[in-house]
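Single-letter residue listing:
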Amino acid sequence: DGGITQSPKYLFRKEGQNVTLSCEQNLNHDAMYWYRQDPGQGLRLIYYSQIVNDFQKGDIAEGYSVSREKKESFPLTVTSAQKNPTAFYLCASRTQFSYNEQFFGPGTRLTVL
Amino acid sequence: DQQVKQNSPSLSVQEGRISILNCDYTNSMFDYFLWYKKYPAEGPTFLISISSIKDKNEDGRFTVFLNKSAKHLSLHIVPSQPGDSAVYFCAASAHVSGADGLTFGKGTHLIIQP
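Residues numbered from 1 in each chain as written. Chains lettered and ligands numbered in written order. Predicted model: local features only at pLDDT ≥ 70, side-chain atom pairs only at ≥ 80, totals over all residues. Heavy atoms only, no water.

**Structural notes on the packing of aromatic side chains**
Item 1. One pass over the structure, following the stated rule, counts 14 aromatic pairs over all chains.
Item 2. Seen in terms of ring centroids, A:Y35 and B:F104 are 5.5 Å apart; in terms of plane orientation they differ by 85°. Their pairing is edge-to-face. Taken together, the positions of A:Y35 in strand β4 (residues 31–37) and B:F104 in strand β10 (residues 103–104) put the pair across two chains.
Item 3. Aromatic pair B:Y36 and B:F46: ring centres 5.8 Å apart, planes at 70°, arrangement edge-to-face. A residue pair is termed long-range when its members are at least 10 positions apart, and B:Y36 in strand β4 (residues 32–38) and B:F46 in strand β5 (residues 45–51) qualify at 10 residues.
Item 4. Members of the aromatic cluster, joined through ring pairs, are A:Y33, A:Y35, A:Y48, A:F104, B:Y36, B:F46, B:F89 and B:F104. (Phe/Tyr/Trp six-rings, centres within 6.5 Å; stacked < 30°, edge-to-face > 60°. Helix = DSSP H or I, 4+ residues; strand = E, 2+ residues; numbered from the N terminus.)

**Section: the sheet that holds strand β7 (residues 64–66) of chain A**
All names here are of chain A.
Item 1. Judged by pairing direction, the sheet is antiparallel, and its four strands sit side by side in the order β1-β3-β8-β7 without closing on themselves. Only two strands of the sheet have a single neighbouring strand rather than two, namely β1 (4–7) and β7. Taken over all neighbouring pairs, the strand axes of this sheet differ in orientation by 20° on average, direction set aside.
Item 2. As paired elements, β1 and strand β3 (residues 19–25) share four bridges and run antiparallel to each other. Residue pairing across strands places Q6 opposite C23, the latter belonging to β3. (Pairing = 2+ DSSP bridges. Axes fitted to C-alpha atoms, helices over the stretch in contact; angles between N-to-C directions.)

Without other data, these values stay purely geometric and don't point to any function.
In C-alpha cells:
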C-alpha cells in the first residue's frame, strides 16, 4: 500500500544528544515537509523540500537539520541546539499536481529526558 | 502573531445536528485553505479544501464556506456522527508567494454527543 511511514513511533533521548527521525514515502511525491505539534497548538513548519537535494527552512528551523538525498526519504535531525525538543513530529508529502493538499504520516513522539 | 485563528478550542454538538467550525485568517496572501481532521497521536487526515476563487466547496457531509472580505472560513458537517469527534485544524497557504508549507490554526476539538 502507498503511504508515508515514520519511525519510530516513540523516541526517547537524553538531553544534549542528537536524534534523527525517519520519514519515508512511496507515493512518488515530489515535495516533503516536517511539522512540529505541541500540546494545544497547531502544526508549525520546520523544513520542507520540493525536489531532491534541495530544502528550505520553515518557520521554526533553528536546532533542526534535514537532508533530501532520495525522493522517497526526508530525515529530520533534532540537534542538541534545539531548546525544547519534546514534541510530536509529523512528516507530510504532496505531489506537484495537487495544489497544496498534503498527506501526513502517523507521527513520532519525541521525549527528551 | 497568529495568521490563522481558530477561536473555539472545543465544540460540543448533538449527534444528527449540524457542526460548524470557524476559522479566521489575517494574511491576505493566503489563496488556498484546507481542513484536516486529527485523532490523538495520529497524523492529520485531509478533509476538504477551497481555493480563494470560490466561496463554497462541498463533499458529502462536509461543506466549506469562504468569505474573503471577512477573511473567514467555516466547515459545516451535516449530519454530525460520533466518528466525527476529533480535533479539526484549519490550514492556509500562500501559493502565489512562492513559499511552500501550510500555516495551521490551533485546532478545535469537536465532541459529538449521542
